[in-house]
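Next come the chains, spelled out residue by residue.
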Amino acid sequence: MKKSITKPKTTRKPSFKTSEPYKLEYFGKTEVHILGTAHVSEVSVKTVENLIGKVKPDSICVELCESRMKSVEDPDYLKKLDIFKVFKERKMWLLMSSLILSSFQKKMGGDVKPGDELRKAIELGRKTNVSIIPVDRDIQTTLKRSWGNVSFFSKMYLLSALITSLFVREEVTTEKIEEMKGDDILKDLFSQIPKRYESVKHVIIDERDMYLAEKIRRAAVEPGVKKVVAVVGAGHLQGILNHIHKTNDLVPLEEIPKRKWQDVASLIAYPLFFGVLIAYTTWSQGTGAGVDLVSKLIIVKGGLAALGAIIALAHPISIFLAFITAPIGTFLPIFKAGWVAALAESYLRKPLVEDFEKITTDSESFSGFWRNRVIRIFLVFFLPQIGSTVGTFIVAWKGLKGLF
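J.: Explanation requested: the overall build of the protein in the structure shown.
T.: Scanning the protein from N- to C-terminus turns up 20 helices and five strands. For the protein, with 404 residues in total, the buried portion stands at 44%. Split by element, the accessible area of the protein, about 21900 Å² in all, is 61% carbon and sulfur.

J.: Hey, could you run me through the side chain of arginine 376 in this one?
T.: Relative to the helices and strands, arginine 376 is located in helix H20 (residues 373-403). Excluding residues within four positions of it along the chain, arginine 376 makes contact with Ala312, Leu313, Glu345, Arg349, Phe369, Trp370 and Arg371.

J.: Teacher, can you tell me more about unusual backbone geometry here?
T.: Trans is the common state for peptide bonds, and a negative phi is the common state for residues other than glycine. Despite not being glycine, lysine 56 shows a phi value in the positive range, around 55 degrees. Here lysine 56 shows up in the loop between helix H1 (42-55) and strand E3 (59-62). You will see that leucine 313, though not glycine, has its phi angle at about 60 degrees, which is positive. In this structure, leucine 313 sits in the loop between helix H14 (287-311) and helix H15 (316-331).

J.: Is there a simple way to explain the packing of aromatic side chains in this structure?
T.: Aromatic ring pairs: the centre-centre distance and the angle between the two ring planes describe each pair. The full count for this structure, using the stated rule, is three aromatic pairs. Aromatic side chains phenylalanine 273 and phenylalanine 274 sit 5.2 Å apart centroid to centroid with 85 degrees between the ring planes, which places their arrangement in the edge-to-face category. With a relative accessible area of 32%, phenylalanine 273 lands in the partly exposed category. Ring centres 5.0 Å apart and planes at 65 degrees place the aromatic pair phenylalanine 381 and phenylalanine 382 in the edge-to-face group. On the accessibility criterion, phenylalanine 381 (10% relative accessible area) is buried.

J.: Even after reading the chapter, I still don't get the sheet that holds strand E5 (residues 227-233), so can you show me in this structure?
T.: Within a beta sheet, neighbouring strands are joined by backbone hydrogen bonds and run either parallel or antiparallel to one another. If you trace the five strands from one edge of the open sheet to the other, you get E1-E2-E5-E3-E4, paired in mixed fashion. The outermost strands of the open sheet, each flanked by one partner alone, are strand E1 (22-27) and strand E4 (131-134). Here the strands of the sheet are splayed against their neighbours by 20 degrees on average, with no regard to which way each runs. Strand direction decides the pairing type here: E3 and E5, joined by four bridges, are parallel. Across the sheet, cysteine 61 pairs through a bridge with alanine 230, a residue of E5. Of the strands in this sheet, E1, strand E2 (30-37), E3, E4 and E5 are in contact with helix H11 (residues 198-220), which crosses E5 at around 165 degrees.

J.: Would you mind showing me how to read the nonpolar core here?
T.: Across soluble globular proteins, nonpolar side chains have a tendency to be buried as a group. Counting residues in each nonpolar core, the largest one holds 22 residues, and the members touching the most others are Leu51, Ile52, Ile60, Val62, Leu64, Ala121 and Ile122. Mapped onto this core, the elements with two or more residues apiece are E1, H1, E3, helix H2 (66-73), helix H6 (116-127) and E5. If we ignore the near neighbours within four places in the chain, the residues touching isoleucine 122 are Val62, Leu64, Met69, Val72, Glu73 and Ile132. By size, the runner-up hydrophobic cluster in this structure holds 18 residues, among which are Cys61, Val135, Ala220 and Val228.

J.: Explanation requested: H14 in the structure shown.
T.: Two residues of an α-helix separated by three or four positions point the same way, owing to the 3.6 residues in each turn. End to end, H14 covers 36 Å across 25 residues, agreeing with the expected 36 Å (1.5 Å per residue, within 8%). Within the sequence span of H14, burial applies to Ala289, Gly290, Leu293, Leu297, Lys301, Gly302, Ala305, Ala306, Gly308 and Ala309. Looking one or two places after H14, you find leucine 313, whose phi comes out positive at around 60 degrees.

J.: How should the pairing of E1 be read in this particular structure?
T.: Along any regular strand, the residues point their side chains to alternate faces of the sheet. Counting buried residues along E1, five of its six residues qualify, which places the element largely inside the surrounding structure. In this structure, E1 lies alongside E2, joined through six bridges in antiparallel fashion. Bridge assignment links leucine 24 to a residue of E2, and that residue is histidine 33. Two successive antiparallel strands, E1 and E2, enclose a turn made up of two residues, where glycine 28 displays a positive phi of approximately 65 degrees.

J.: Just checking my understanding: could you explain the pairing of E5 for this structure?
T.: A large share of E5 lies buried, amounting to six of its seven residues. Of the strand pairs in this sheet, E2 and E5 are connected by seven bridges, and their pairing is parallel. The partner of leucine 35 across the bridge, within E5, is valine 231.

J.: Explain the environment of valine 32 here, please?
T.: As for its placement among the helices and strands, valine 32 is situated in strand E2. Here the alpha-carbon distance between valine 32 and valine 55, two residues 23 residues apart in the chain, equals 9.9 Å. With sequence-adjacent residues up to four places away left out, valine 32 is seen in contact with Lys23, Leu24, Glu25, Phe27, Ile216, Ala220 and Val228.

J.: Please explain the confidence of the model for the protein as it appears in this structure.
T.: Where the model shows low pLDDT, its predicted coordinates should not be examined in detail. Overall, the prediction assigns the protein a mean pLDDT of 79, with 72% of residues at 70 or greater. Taken element by element, the predicted model of the protein shows its lowest mean pLDDT in helix H10 (residues 183-191) (47) and its highest in E3 (96). Note that residues 1-11 has pLDDT below 50 and, in this model, 14 contacts with residues that lie over four places away or in other chains. Every residue in residues 184-189 scores below 50 in pLDDT, and together they form six contacts with partners more than four places removed in sequence or on other chains.

J.: Help me understand the packing of H14 against H15, please; the structure alone is not making it clear to me.
T.: Axes are the key here: two packed helices are described by the angle between their axes and the distance separating the axes. Two elements in contact, H14 and H15, have axes separated by 7 Å at closest approach and are oriented at 135 degrees. Of the possible angle classes, the one that applies to H14 and H15 is oblique. For the pair H14 and H15, the crossing hand works out as right-handed. Note on element contacts: H15 touches H14 through Ile319, Ala322, Phe323, Ala326, Pro327, Thr330 and Phe331, opposite Leu297, Ile298, Lys301, Gly302, Gly303, Ala305, Ala306, Ala309 and Ile310.

Here is what the cut-offs are and how they apply
For every chain, the first residue of its written sequence is number 1, and the numbers climb from 1 along that sequence. It should be noted that, the model being predicted, local features are given only for residues of pLDDT at least 70 and side-chain atom pairs only at 80 or more, the latter also being counted only at that level, while totals for whole chains, interfaces and linings use all residues. As a rule here, side-chain values cover all heavy atoms of the structure and leave hydrogens and water aside. Secondary structure elements follow DSSP: runs of H or I no shorter than four residues count as helices, runs of E no shorter than two count as strands, and numbering proceeds from the N terminus. Any residue under 20% of the maximum accessible area for its type is buried, any over 50% is exposed, and the rest in between are partly exposed; the area is computed with a 1.4 Å probe on protein chains only. In short, Shrake-Rupley with a 1.4 Å probe defines the accessible areas, and a residue's cover is counted only from the protein chains shown. Only heavy atoms enter the contact rule, under which two residues are in contact if any of them lie within 4.5 Å. To pair, rings of Phe, Tyr and Trp, with the six-membered ring standing in for Trp, must have centres within 6.5 Å; the planes then decide the type, stacked if under 30 degrees apart, edge-to-face if over 60, and tilted in the middle. We treat two strands as partners when DSSP finds at least two bridges between them. Lines fitted to the C-alpha atoms define the axes, with helices restricted to the stretch that makes contact. Angles between their N-to-C directions range from 0 to 180 degrees. Buried residues of nine kinds, namely Ala, Val, Leu, Ile, Met, Phe, Trp, Tyr and Cys, make up a nonpolar core once their side-chain atoms join them within 4.5 Å. Multiplying 1.5 Å by the helix residue count minus one yields the expected span of that helix. Along the chain, pLDDT gives the predictor's confidence residue by residue, from 0 to 100. Roughly parallel means an angle under 35 degrees; roughly antiparallel means over 145; roughly perpendicular covers 65 to 115; every other angle is labelled oblique. Take the far helix as the reference: if the near one is turned anticlockwise from it by less than a right angle, the crossing is left-handed, and if turned clockwise, right-handed.

Structure representation (structure tokens):
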């Protein structure tokens, strides 16, 4: 049950003047300075520096989760990244989303690295021995909650939109970046999201507004804290203000959605369908027909998965594993041709640091897209899986056609 906290009446006005979206809120005698930024804005970096220098806060809140704060602070993060472990632990969606977002922001930011204003806030806090508080929800939780709320085809649509953003070459001026901080423009942007993706917007924007507000509120009511500076994306500012004077339960916002019954049913349906199809074909048309259907399953499904790996310029061992895993995955859905091939590729051809650093530039050319080892691993993940799925429908159609 949410408890409202009465906002104290005050005639005090913020003395800090800025063109950035900015609000000053009070919790008793505690000042909470909330600054809205663009994550690729040089002006935002300077404003963060000026605000912290003027306010001299006791705590600095940043729109990062603990894991992302570590990567922002550690310049050698990519050097230490074990991409084989990422695929082994099935965190490839997390890595891919992060890389695509980072690539898109780099194209917009020019010389400004994505999150430089957050990096500056952390740097200033460390210098003055001020408490740095990551107030965002864990990125894996956000992705799992948003991903679990859309259908398979919607996932494919959103994924294609993200990948397409890699090829955007439109030059974004400094003026355009600053203009993007305006509340009206951000509201217009989110109002254009199709209704069927409202659940995604709710998880990525609305839920995080509540989460950020509650974490900032908790920082403000800590004993001995008199001044707090919170650095957040401009798109979250109004949502935070809507919730910051309420007590919000974070537990429901941190829950991972349970597997839907449709997902469980699909894991059973495919093996059951092909098992029955092969058994009935053998019973009605003889052993030869059953063996022929199994052969088609191996050759067609395995062949198309291997073809996908070949198109991705995968290692020969990765191609072979895609070929043998695809038909096995028909009866053991836990084995995915794309996942096994990408796991092998990430082990056999570990990406170099420069592969991560060149994702933005390499994604702008056909040759670079295939040359970059990080991008290639994701191609090895997707293309064999697409080939395997197409093969499944072809064999199923041929099998049913043979019966009727």
